[in-house]
Amino acid sequence: MFTFANRIQSTFVSSKENGPLGAMKCGSFEIPAFGPQLHPLSDVQMFGCHRTDTQWSCLSAQKEIWFEYECTDQGFMTRFVGMTSAVPVFFVFYVKAEQAIVGQEIFLPRSLQRYHDASKTVTFQSNGDSFSIENQVPTKLQLIPLAGNGCFWDSDFLLAFEIPVHDPRTCFQFV
């Protein structure tokens with residue numbers, strides 16, 4: 001168990017094949033799964049990692065790509081190795097929340113409105129609480145509203161950060 005920003009409870013899976021890197025909970029918010037995913041984002045079979053007893057894991061769908069993570073008080077960082085431009089890699093968060101905000105735009109679950117542009121802070125709101133995720137490494141971001149039940153861990157949103165081949169890392173901050 002690890003706590004980010006003194007309020008976000010998280011757990012990282014210690015060893016598993018084809019599973020998430022971990023999960024988070026903060027008040028009324030829940031991230032039932034987060035971890036690496038290959039393109040296409042609509043294929044849950046492309047999600048997950050093979051955890052080892054170290055900080056290193058490989059992607060379940062492409063075992064030649066490895067990554068490590070390191071936790072800080074405010075979030076965690078990842079570094080990928082073995083990536084090529086032929087295989088787009090994302091780091092994704094499956095989020096349960098009432099709405100998401102990117103800049104001035106509000107996104108609702110079960111809608112067709114998506115965000116696909118430069119990475120920005122994404123704020124999730126639910127029951128009057130708010131929770132934000134930001135990648136401090138410049139990249140592309142996709143926010144995709146989901147159905148909320150039946151698949152994708154019953155999540156309301158898929159938040160996907162593209163991992164650039166030229167700078168294969170992330171630095172997630174949670175507020």
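Let us look at the structure shown here. (Residues numbered from 1 in each chain as written. Predicted model: local features only at pLDDT ≥ 70, side-chain atom pairs only at ≥ 80, totals over all residues. Heavy atoms only, no water.)

## Section: the sheet that holds strand 4 (residues 29-38)
Part 1 of the argument: Pairing is antiparallel in the open sheet, where eight strands are placed in the order 1-2-3-4-9-16-15-12. Only two strands of the sheet have a single partner each, and these edge strands are strand 1 (2-4) and strand 12 (115-118). Pairs of neighbouring strands in the sheet enclose a mean axial angle of 20 degrees, with direction left out of account.
Part 2 of the argument: Note: strand 9 (residues 89-96) against strand 16 (residues 157-163), seven bridges, orientation antiparallel. Bridging across to strand 16, Tyr94 finds its partner in Leu158. (Pairing = 2+ DSSP bridges. Helix = DSSP H or I, 4+ residues; strand = E, 2+ residues; numbered from the N terminus. Axes fitted to C-alpha atoms, helices over the stretch in contact; angles between N-to-C directions.)

## Describing the sheet that holds strand 5 (residues 49-51)
Part 1 of the argument: Pairing is antiparallel in the open sheet, where nine strands are placed in the order 5-6-7-8-17-14-13-10-11. Strand pairing shows two members of the sheet lacking a second neighbour, strand 5 and strand 11 (105-107), which therefore form its edges. If you compare each strand with its neighbour and ignore which way they point, the axes differ by 25 degrees on average.
Part 2 of the argument: As defined by bridge partners, strand 10 (residues 99-102) adjoins strand 13 (residues 122-126) across four bridges and the pair is classed as antiparallel. Counted as the bridge partner of Gln99 is Gln125 from strand 13.

## A closer look at the packing of aromatic side chains
Aromatic rings considered in pairs are described by the distance between their centres and by the relative angle of their planes.
Part 1 of the argument: Scanning all chains against the criterion turns up 29 aromatic pairs.
Part 2 of the argument: Ring geometry for Phe2 against Phe4: centres 5.1 Å apart, planes inclined by 50 degrees, an arrangement best described as tilted.
Part 3 of the argument: A residue is classified by how much of its surface remains accessible, and Phe2, at 27% relative accessible area, is partly exposed.
Part 4 of the argument: On the basis of relative accessible area, Phe4 is assigned to the buried category, the value being 0%.
Part 5 of the argument: For the pair Phe4 and Phe12, a centre-to-centre distance of 6.5 Å together with 80 degrees between the ring planes defines the contact as edge-to-face.
Part 6 of the argument: Residue classification places Phe12 among the buried residues on the basis of a relative accessible area of 16%. (Phe/Tyr/Trp six-rings, centres within 6.5 Å; stacked < 30°, edge-to-face > 60°. Buried < 20%, exposed > 50% of the residue type's maximum accessible area, 1.4 Å probe, protein only.)

## Here we look at the environment of His116
Part 1 of the argument: With respect to the secondary-structure elements, His116 resides in strand 12.
Part 2 of the argument: Remark: the alpha-carbon pair of His116 and Ser85, spanning 31 residues in sequence, is separated by 19 Å.
Part 3 of the argument: Not counting chain neighbours up to four residues away, the residues in contact with His116 comprise Leu141 and Gln142. (Contact = heavy atoms within 4.5 Å.)

## Digging into the pairing of strand 10
Part 1 of the argument: The two faces of strand 10 match: Gln99 and Ile101 on one face and Ala100 and Val102 on the other face are all buried.
Part 2 of the argument: Relative to strand 11, strand 10 runs antiparallel, the two sharing three bridges. Counterpart to Ala100 in the pairing with strand 11 is Phe107.
Part 3 of the argument: With antiparallel pairing between neighbouring strands as the criterion, strand 10 and strand 11 make up a hairpin whose turn holds two residues, including Gly103 at a positive phi of roughly 65 degrees.

## Re the environment of Trp153
Part 1 of the argument: Here Trp153 lies in the loop between strand 15 (140-145) and strand 16.
Part 2 of the argument: Along the backbone, Trp153 and Leu108 are 45 residues apart, and their C-alpha atoms lie at a distance of 17 Å.
Part 3 of the argument: Here Trp153 is in contact with Pro32, Ala33, Val44, Phe47, Tyr94 and Lys96, once residues within four sequence places are set aside.

## Description of the pairing of strand 4
Part 1 of the argument: The buried count for strand 4 comes to nine of ten residues, which makes it a mostly enclosed element.
Part 2 of the argument: Linking strand 3 (residues 22-26) back to strand 4 in an antiparallel pair, the connection comprises two residues, with Gly27 at a positive phi of about 60 degrees.
Part 3 of the argument: As judged from the seven bridges shared by strand 4 and strand 9, these two strands associate in the antiparallel manner. Bridged to Phe34 within strand 9 is Phe93.

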